[in-house]
Amino acid sequence: VSWKQDKGYPSYRIWVENTTDQQMRVTIAEPSGQGDFYVSAGGNRTYTMNNATDGIHKVSFFTITGELSGTVRVRVSETLL
């Protein structure tokens with residue numbers, strides 16, 4: 001999954017729902033680096049960034065068995081979230 005963070009939009013919020021029975025690692029790679037967060041089995045989590053760099057952002061997902069299922073939503077904003 002990827003999106004373009006346009007200049008003048010310093011914030012984004014990503015919401016991930018994990019419908020598997022395993023913990024999921026979510027990795028966000030952006031031009032200035034990358035970071036991880038975890039979503040529990042059957043759960044959901046929101047991650048907010050208010051100092052995002054412009055450019056392409058890529059999101060990848062990982063579970064121990066490789067099973068992936070769920071929903072991801074990204075909101076970009078020109079104001080702090």
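So, a few notes on the structure that sits alongside this text. (Residues numbered from 1 in each chain as written. Predicted model: local features only at pLDDT ≥ 70, side-chain atom pairs only at ≥ 80, totals over all residues. Heavy atoms only, no water.)

1. So, the sheet that holds strand S6 (residues 55–62)
Strands sit in the order S1-S6-S3-S4 across an open sheet of 4 strands; the sheet is antiparallel. Edge positions in the sheet fall to strand S1 (2–5) and strand S4 (33–39), since each of these pairs with one other strand and no more. When strand polarity is set aside, the average angle formed by the axes of neighbouring strands in this sheet is 20°. Sheet topology note: the strand S3 (residues 24–30)/S4 ladder contains 7 bridges and is antiparallel. Residue pairing in the sheet places Glu30 in a bridge with Gly33 of S4. (Pairing = 2+ DSSP bridges. Helix = DSSP H or I, 4+ residues; strand = E, 2+ residues; numbered from the N terminus. Axes fitted to C-alpha atoms, helices over the stretch in contact; angles between N-to-C directions.)

2. Notes on the sheet that holds strand S2 (residues 11–18)
Remark on secondary structure: sheet strands pair via backbone hydrogen bonds, oriented parallel or antiparallel. The 3 strands are arranged S5-S2-S7 in an open sheet whose pairing can be described as antiparallel. Only two strands of the sheet have a single neighbouring strand rather than two, namely strand S5 (44–49) and strand S7 (70–77). Geometrically, the sheet is characterised by an average inter-axis angle of 10° between neighbouring strands, direction not taken into account.

3. Some thoughts on the side chain of Asn18
Within the element layout of this structure, Asn18 appears in strand S2. Owing to a relative accessible area of 1%, Asn18 belongs among the buried residues under this scheme. Of the polar contacts made by the side chain of Asn18, one reaches the backbone oxygen of Val39; its length is 3.3 Å. What Asn18 contacts, discounting residues up to four positions off in sequence, is Gln23, Met24, Val39, Ser40, Ala41, Gly42, Gly43 and Ser69. (Buried < 20%, exposed > 50% of the residue type's maximum accessible area, 1.4 Å probe, protein only. Polar contact = N/O pair within 3.5 Å; in protein donor to acceptor, adjacent residues only side chain to side chain. Contact = heavy atoms within 4.5 Å.)

4. Remarks on the nonpolar core
In terms of nonpolar packing, the biggest core is built from 11 residues, these being Trp3, Tyr12, Ile14, Val16, Met24, Val26, Ile28, Phe37, Val39, Ala52 and Val59. Among the elements of the structure, S2, S3 and S4 are those that each provide at least two residues to this core. Leaving out residues up to four positions away in the same chain, Val39 has contacts with Val16, Asn18, Gln22, Gln23, Met24, Val26, Asn44 and Arg45. (Core = buried A, V, L, I, M, F, W, Y, C linked by side-chain atoms within 4.5 Å.)

5. Thoughts on the pattern of salt bridges
Within this structure, the stated rule accounts for 1 salt bridge. Between Lys4 and Asp6 there is a salt bridge whose closest N-O contact spans 3.6 Å. Look at Lys4 and you get exposed, because its relative accessible area is 57%. Using a relative accessible area of 36% as the deciding quantity, one classes Asp6 as partly exposed. (Salt bridge = Lys/Arg side-chain N within 4 Å of Asp/Glu carboxyl O.)

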